Amino acid sequence: MRRNRRTDWSRRLVRENTLTVDDLIWPLFLTDGTGVEQPVASMPGVTRYSVDRIVAQAEIAAELGIPAIALFPNTDPAKRDAMGSEALNPGNLICQACRSIRAAGLPVGIITDVALDPYTSHGHDGLMDGETILNDETVEQLVAQALLQVEAGSDVIAPSDMMDGRVGVIRSALDTAGFQDIQIMSYAAKYASAFYGPFRDAVGTNATLVGDKRTYQMDPANTDEALHEVELDIAEGADMIMVKPGMPYLDIIRRVKDTFLRPTFAYQVSGEYAMIQAAAQNGWIDGERAMMESLMAFKRAGCDGVLTYFAVDAARKLTGRG
Ligand code: PBG
């Protein structure tokens, strides 16, 4: 076996998987104000930007050839309520950002998250009756949220809420409104994971989240159920599907890809990013190598692309630019 591994040219010749810039999606956080750039303490290297600063970030993505960015808001706590009303405000952070990035005419896809958690006072992705998350009432609101985002300039609707039936209802609402070309990337198999902790700092839901998300996000013990979730989302009209978190769920990615042969994505989530960064900052691992190895692992598992906070660093490394 070692003959093929002996030289660099030979290792390149027999390499089975490649990672390119085209595989990367860059998640970005928004916050209120003007001229604001706030580092997220639990995600070293990640920053929240005010809307006026976001176009410059989208330009960085475009220059590096990163195909798409994914936007998330840190909504002013004063604007959060039990109904997540701010999600339906055409002037909210996401809609503002979509409009300005769209106006800049950059060759970058805009992916927007559809879920209520950054807008609700209780931090849940759906509307609540007592301690129960209401499925159908939530879906109705998600449809309105998705339409607003698309009107503002979003290219890809990414429902991350894990309500049942939302992909189908959003698809038909988009079609009826004349948005037949808007893609849906569904968070199809999303687990109730401890690895979302730093993200909840970034969007400000850690402080307020009441209870946990186990009545709608998946049990980490399950695999067959993930296939069922993906099957339903595809039947309802998802163009691309996602598994989340990433690294601890590579087995799910592989099974999903082999079973459905669809464009399949993983979200290398905030906790995965934070672990690598923290260990690297302590000098315990080589951060850059761990980053590239983790991204290659997603390709090996069958991913067509990865949502990753490393997108810019990885793109710089892959292109030798910047
Ligand atoms: C919420 C949402 C979450 C993430 C993306 N969308 C967190 C959650 O479900 O609480 C997590 C992303 C990350 O951890 O990087 N709709």
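Above this text you will find the structure in question.
Predicted model only: the values in this text are computed from it and were never measured. (Residues numbered from 1 in each chain as written. Predicted model: local features only at pLDDT ≥ 70, side-chain atom pairs only at ≥ 80, totals over all residues. Heavy atoms only, no water.)

Undergrad: Help me understand the packing of aromatic side chains in this model?
TA: How two aromatic rings sit relative to each other is given by the distance of their centres and the angle of their planes. Under the definition given, this model contains 10 aromatic pairs. With a centroid separation of 6.2 Å and an interplanar angle of 40°, the aromatic rings of Y187 and Y267 are classed as tilted. In this pair, Y187 is assigned in strand β9 (residues 183-190) and Y267 in strand β11 (residues 264-268), connecting sequence segments 80 residues apart. Consider the rings of Y273 and F310, whose centres lie 4.6 Å apart with planes at 50°: the pair is tilted. With a gap of 37 residues between them, Y273 in helix α9 (residues 270-281) and F310 in the loop between β12 (305-308) and α11 (311-319) connect regions that are remote in the sequence. In terms of burial, Y273 and F310 fall into one category: buried. Directly above the aromatic system of Y196 lies the positively charged group of K244, at a separation of 4.6 Å from the ring centroid. (Phe/Tyr/Trp six-rings, centres within 6.5 Å; stacked < 30°, edge-to-face > 60°. Helix = DSSP H or I, 4+ residues; strand = E, 2+ residues; numbered from the N terminus. Buried < 20%, exposed > 50% of the residue type's maximum accessible area, 1.4 Å probe, protein only. Lys NZ or Arg CZ within 6 Å of the ring centre and 35° of its normal.)

Undergrad: Would you take a moment to explain a negative patch on the surface for this structure?
TA: Together, D129, D136, E137, E140 and D164 make up a negatively charged patch on the protein surface. In terms of residue count, the dominant contributor to the negative patch is helix α4 (residues 135-152) (three residues). Looking at where E140 falls in the secondary structure, it is placed in helix α4. (Patch = residues over 30% accessible without salt bridge, like charges linked within 9 Å, V, L, I, M, F, W, Y side chains within 5 Å. Areas by Shrake-Rupley, 256 points an atom, 1.4 Å probe, with all protein chains shown as cover. Salt bridge = Lys/Arg side-chain N within 4 Å of Asp/Glu carboxyl O. Lys, Arg positive; Asp, Glu negative; His and termini not counted. Charge placed at Lys NZ, Arg CZ, Asp CG, Glu CD.)

Undergrad: What should I look at first to understand the pairing of β12 in this one?
TA: Looking along a regular strand, one sees side chains alternate from face to face of the sheet. Of the two faces of β12, both are covered, the one formed by G305 and L307 as well as the one formed by V306 and T308. Relative to β12, strand β1 (residues 24-31) is paired through two bridges, and the arrangement is parallel. Opposite L24, over in β12, you have V306 as the bridge partner. Summarising the sheet, β11 and β12 pair through four bridges and their orientation is parallel. In the sheet register, Y267 faces β12, and the bridge partner there is L307. (Pairing = 2+ DSSP bridges.)

Undergrad: What exactly am I supposed to notice about helix α8 (residues 250-260) here?
TA: Among all positions in α8, only L250, I252, I253, V256, K257 and F260 are buried. Taken down its axis, α8 places every buried residue within 155° of arc, on the same side. Positive phi shows up at L261, right after α8, with a value of about 55°. (Arc of directions from axis to C-beta.)

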